[in-house]
Amino acid sequence: MGDSRGVIEFDGVTKVYPGATAPSVDRLTMRIEAGEICALVGPSGSGKTTAMRMVNRLIEPTSGTIRIDGVDTRSIDVETLRRSIGYVIQQVGLFPHRSVLDNVGTVPRLLGWDESRIAARSRELLDLVGLDPSKFGMRYPAQLSGGQRQRVGVARALAADPPVMLMDEPFGAIDPLVREQIQDEFLRMQQDVRKTIIIVTHDLDEAMRMGDKVAVLQEGGVLAQLATPEQLLAAPANDFVQRFVGGDAALRRLALAKVHDLPLIPLDVAHAQGFGVMVDQQAQPVQWANGTPVRARIAIDATLRTALGELIATGESFAPVIDGMGRPVGIVTTALLHGWLDRPVAQSIDQHAAAGVDWHGPAQHGYAPPMQAQPMRFGSSRG
Amino acid sequence: MTFLLDNRLEVLRLVLEHVLLCAVSLGIATILAVPLGVWMHGRSRRIGMVTAVTGALYTVPSLALFSILVPVVGLGVVPTVIGLVLYAQLMLVRAVVGGLDSVPEDVRDAAIGMGIDRWTILTTIDLPLALPVFLAGVRIAAVTVIGIATIGAVIDAGGLGELILQGIQRDQVERVTVGALAVTALALSADYALVRLERRARPWANRAAAAGASA
């Protein structure tokens with residue numbers, strides 16, 4: 001595990017189904033780096049599933065080439081190719097007549113591993129996806145919940161340690177309450193296994209959550225934009241993407257970043273500007289230098305969206321940011337949040353590096369406070 | 001009942017003959033139906049064709065069918081078995097296709113996507129999963145064949161039909177009754193045995209149901 005195999009390249013890939021007049025996927029060219037999650041997202045009819053299924057040749061492209069680590073997939077025996085690619089689908093497709101352990105061991109068995117190695121590997125993977133092998137190993141799929149089945153599906157796809165995984169709406173059939181939890185678990189697991197993953201989803205939130213990059217496909221299978229989630233929201237490439245990401249793009253963007261990503265106003269700077277934070281004996285912020293109480297405290301690892309919500313709810317335009325112990329580490333202001341949204345973001349991955357250095361937070365330039373030296377709250381006339 | 005006691009060896013022989021006749025016919029019919037069903041599965045034109053032919057055969061009255069076969073293959077067991085195989089075919093072929101249809105599409109998609117070859121999918125996934133539905137079809141076929149096999153006695157195939165036929169010819173009501181009851185008992189036993197087999201063919205569903213019931 002942890003190797004850097006698994007670069008997937010689409011090179012002018014087109015699929016026209018027999019009898020269809022228009023292509024389902026139209027000259028798709030993109031590159032997915034090793035260890036990266038790429039979310040394929042788009043409305044139905046945008047060819048996202050077709051694009052994914054061409055990677056393991058469940059569908060053969062009409063023209064164009066798909067390469068994995070530089071090798072044309074057509075030059076590889078189709079079953080050998082598929083055994084080297086993990087495959088997870090929405091309905092999971094576990095074999096109902098086989099135990100959970102047998103299901104997980106499917107591909108290793110095809111590859112001719114000896115039984116003791118298959119058993120050990122299957123147990124290891126059940127552990128990895130959070131299912132106790134001694135409790136669940138001998139059950140049949142019908143004896144599992146939907147979420148448990150999906151975990152077994154992921155374990156089965158990972159069994160032979162393939163560098164590449166394809167996932168078609170993998171969490172779509174799971175109860176929304178459990179879905180986020182399973183997504184988080186999956187992302188944590190991905191930190192360890194570092195697979196190159198294509199996830200097909202129609203759910204933009206899921207794409208944003210899971211994808212290192214997001215490929216938005218529009219009707220006719222045309223790639224509208226390939227970008228990081230942030231780039232997609234900040235700089236939609238066209239009207240289609242704009243409409244697809246919706247009107248609350250700013251809020252979604254704020255949800256993608258954490259408070260510690262901001263150039264917070266250092267406490268000493270705030271003090272010098274006259275809005276220092278006074279702390280109590282437990283080092284918790286209690287009031288401002290001018291005597292008004294601290295109404296909002298924002299955790300350093302909160303999302304910017306949470307921070308904004310907190311500020312609006314308390315009617316404040318700035319608030320102390322606190323660490324895990326509740327101690328203040330800086331000041332966040334609505335102006336900083338606005339500055340985050342306002343910084344230039346490139347439209348695509350290629351310009352990402354260049355755009356990244358374009359933005360200098362106010363901190364690097366010497367901070368000018370966004371408001372009067374005396375702190376004021378909204379509606380302070382009554383205070 | 002004295003009739004049964006006096007002739008128990010003869011009745012037993014006829015029961016065994018009847019069982020053998022039906023078992024051989026069902027066995028041959030299954031051997032034909034499985035590959036035929038696999039060949040038809042998912043191909044609507046093939047299904048239409050085979051259903052039309054087997055359906056037409058099924059409408060031919062059994063006595064007529066047996067009589068047509070006699071000039072070709074002679075009297076006795078052979079035309080009877082051929083006839084029973086043909087009758088069973090309609091039900092068994094449909095049962096194979098129905099069984100394969102009952103295999104969830106996502107299971108097959110996952111199997112193909114993981115790189116399992118077609119033959120292995122057929123033998124280790126499709127057919128085992130099709131078995132319960134197929135066995136339900138075998139049940140119907142078995143009951144039908146056990147009934148129709150009675151007619152075989154007319155063309156000298158033996159079996160319990162002989163008892164009924166003799167009873168009618170000699171005007172012995174007891175003989176007819178015993179023959180009819182034996183055929184019925186045979187059909188019911190076959191049905192019961194196949195229900196048990198059907199349940200055993202899907203242990204995964206039984207355990208899930210048990211788990212669901214206890215939860």
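Engineer: Run through the packing of aromatic side chains, naming residues and quoting values.
Structural biologist: Residue and element names in this part refer to chain A. Using the criterion set out here, one finds 5 aromatic pairs over all chains in the structure. A cation sits over an aromatic face here: Arg156 above Phe95, 4.8 Å from the ring centre. Looking at Arg343, its charged tip hangs above the ring of Trp340, at a distance of 3.7 Å from the centre.

Engineer: Explain the packing of helix 5 (residues 77-101) of chain B against helix 7 (residues 118-148) of chain B residue by residue, including any values.
Structural biologist: Residue and element names in this part refer to chain B. Axis separation between helix 5 and helix 7 bottoms out at 8 Å; the angle between their running directions is 155 degrees. Compared by their axis directions, helix 5 and helix 7 come out roughly antiparallel. Crossing geometry of helix 5 relative to helix 7 is assigned as right-handed. Along the contact surface, helix 5 presents Leu84, Tyr87, Ala88, Met91, Leu92, Ala95, Val96, Gly98, Gly99 and Leu100, while helix 7 presents Asp126, Leu127, Ala130, Val133, Phe134, Gly137, Val138, Ile140, Ala141, Thr144, Val145 and Ile148. A class-by-class count of the residues in the contact of helix 5 with helix 7 yields 17 nonpolar, 4 polar and 1 charged.

Engineer: Outline the nonpolar core, supporting the account with residue identities and numerical values.
Structural biologist: All names here are of chain B. Within the largest apolar cluster, 47 residues are counted, with the highest numbers of intra-cluster contacts made by Leu84, Ala88, Leu92, Ile146, Leu160 and Leu163. At the level of secondary structure, the elements contributing two or more residues to this core comprise helix 2 (8-40), helix 4 (62-73), helix 5, helix 7 and helix 9 (173-200). In terms of residues, this core owes the most to one element, helix 5, which gives 12 residues. Dropping the residues within four chain positions of it, Leu92 is found in contact with Leu26, Ala29, Thr30, Ala33, Phe134, Gly137, Val138 and Ala141.

Engineer: Please set out helix 7 (residues 146-158) of chain A residue by residue, giving values where relevant.
Structural biologist: Residues and elements named next belong to chain A. Spanning 13 residues, helix 7 covers 19 Å between terminal C-alpha atoms, matching the ideal 18 Å at 1.5 Å per step. Buried residues dominate helix 7, accounting for 10 of its 13 residues. If you check which residues of helix 7 are buried, you get Gly147, Gln150, Arg151, Val152, Gly153, Val154, Ala155, Arg156, Ala157 and Leu158.

Analysis parameters
- Residues numbered from 1 in each chain as written.
- Chains lettered and ligands numbered in written order.
- Predicted model: local features only at pLDDT ≥ 70, side-chain atom pairs only at ≥ 80, totals over all residues.
- Heavy atoms only, no water.
- Phe/Tyr/Trp six-rings, centres within 6.5 Å; stacked < 30°, edge-to-face > 60°.
- Lys NZ or Arg CZ within 6 Å of the ring centre and 35° of its normal.
- Axes fitted to C-alpha atoms, helices over the stretch in contact; angles between N-to-C directions.
- Helix = DSSP H or I, 4+ residues; strand = E, 2+ residues; numbered from the N terminus.
- Parallel < 35°, antiparallel > 145°, perpendicular 65-115°, else oblique.
- Left-handed = near helix turned anticlockwise from the far one by under 90°.
- Contact = heavy atoms within 4.5 Å.
- Nonpolar A, V, L, I, M, F, W, Y, C, P; charged D, E, K, R; others polar.
- Core = buried A, V, L, I, M, F, W, Y, C linked by side-chain atoms within 4.5 Å.
- Buried < 20%, exposed > 50% of the residue type's maximum accessible area, 1.4 Å probe, protein only.
- Expected span 1.5 Å × (residues − 1).

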